[in-house]
Amino acid sequence: MTDAELSNRLERLERENRWMRRVGFAVVVVAMAVALIGAAKPEEIPEMIEARMFRVIDEKGSPRAQMDANGLRYADENGKTRAQMNADGFVNVDENGKTRAQMNADGFVNVDENGKPRAAMTANGLSYADENGKTRAQMNADGFVYADETGKHRAQFGVVEVVTPKTGEESRYPAGMALFDANGKVIWEAPN
């Protein structure tokens, strides 16, 4: 065998070897793909999940929310409880640990930073109180009442009960309006 023939034969074997390696690699890739596709199962949805507690943690691993048999609790980034819901109702707490809002079977109450109720919604209606705790506005089935800082009614809409200053006569209007002065005397009313 001459050098040229040997060189041609070696070159042909190298080409065949490269081709075989490529085919072998392709076969391995296809086999792996088939195996992975066969191993992948469609997502199954369980009929029931049971646990004593579910906890949500933030990216730092700190617990932020928790649900267990006692209710649901949300904590801020410092771990302080900020909101809680259980069989007694819902409570929202500020960063100082003071209750700021509360909702239960009796209704909803919003509390200021000093712990004084400022707004409430109950079966009796809506009410708003000033920073001294005096009710300033109220709305219920009978209508709307606005009071001044001393607590005296200054405006009333809806069912209005007034005493006419000249006659002392008491009147009740199922749909009326009245404005009162600082002494509680009617200064304007409709109907009149």
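What you see is a predicted model, and the numbers here were worked out from it, not measured in a lab.

Caption draft 1: The arrangement of a nonpolar patch on the surface in detail. A cluster of nonpolar residues, Ile49, Phe54, Met67, Leu72 and Met85, forms a patch on the protein surface that exposes about 480 Å² of accessible area. Within the secondary structure layout, Met67 lies in strand β2 (residues 63–68).

Caption draft 2: Structural view of the side chain of Arg118. Its location among the elements puts Arg118 in strand β8 (residues 117–122). A polar side-chain atom of Arg118 sits 2.9 Å from a polar atom in the side chain of Tyr128. Contact partners of Arg118, with chain neighbours within four places excluded, come to Asn110, Val111, Asp112, Ser127, Tyr128, Ala129, Asp130 and Glu131.

Caption draft 3: Layout of the environment of Gln66. Counting through the fold element by element, Gln66 comes out in strand β2. Looking at Gln66, the relative accessible area reads 18%, which means it is buried. Taking the C-alpha atoms as reference, Gln66 lies 4.4 Å from Arg55; in sequence the two are 11 residues apart. If we ignore the near neighbours within four places in the chain, the residues touching Gln66 are Met53, Phe54, Arg55, Gly71, Leu72 and Arg73. Among the polar contacts made by the side chain of Gln66, one reaches the side chain of Asp68 at a distance of 3.1 Å.

Caption draft 4: Up close: the pairing of strand β5 (residues 89–93). Judged from the 4 bridges that link them, strand β4 (residues 81–86) and β5 form a sheet pairing that is antiparallel. Residue Ala83 lies in a different strand from β5, and its bridge partner there is Asn92. Hairpin connection, β4 to β5: the antiparallel pair is bridged by 2 residues. In this antiparallel pair of consecutive strands, β5 and strand β6 (residues 99–104), the connection spans 5 residues, and Gly97 shows a positive phi of 85 degrees.

Caption draft 5: View of the nonpolar core. Counting 6 residues, the largest nonpolar core consists of Val160, Val162, Tyr173, Ala178, Phe180 and Val186. Contributing elements (two or more residues each) for this core: β12 (153–163) and β13 (170–180). At 3 residues, β13 tops the list of elements feeding residues into this core.

Caption draft 6: Structural detail: the pattern of salt bridges. What the rule picks out here adds up to 10 salt bridges. Across the pair Arg136 and Asp130 runs a salt bridge, and its minimum N-O distance is 3.5 Å. Taken individually, Arg136 and Asp130 each receive the classification buried, so the pair is uniform in this respect. Each of Asp58, Arg64 and Glu77 takes part in salt bridges that share partners, so that together they form one network.

Reading guide: rules and limits
Residues numbered from 1 in each chain as written. Predicted model: local features only at pLDDT ≥ 70, side-chain atom pairs only at ≥ 80, totals over all residues. Heavy atoms only, no water. Patch = residues over 30% accessible without salt bridge, like charges linked within 9 Å, V, L, I, M, F, W, Y side chains within 5 Å. Areas by Shrake-Rupley, 256 points an atom, 1.4 Å probe, with all protein chains shown as cover. Salt bridge = Lys/Arg side-chain N within 4 Å of Asp/Glu carboxyl O. Helix = DSSP H or I, 4+ residues; strand = E, 2+ residues; numbered from the N terminus. Polar contact = N/O pair within 3.5 Å; in protein donor to acceptor, adjacent residues only side chain to side chain. Contact = heavy atoms within 4.5 Å. Buried < 20%, exposed > 50% of the residue type's maximum accessible area, 1.4 Å probe, protein only. Pairing = 2+ DSSP bridges. Core = buried A, V, L, I, M, F, W, Y, C linked by side-chain atoms within 4.5 Å.

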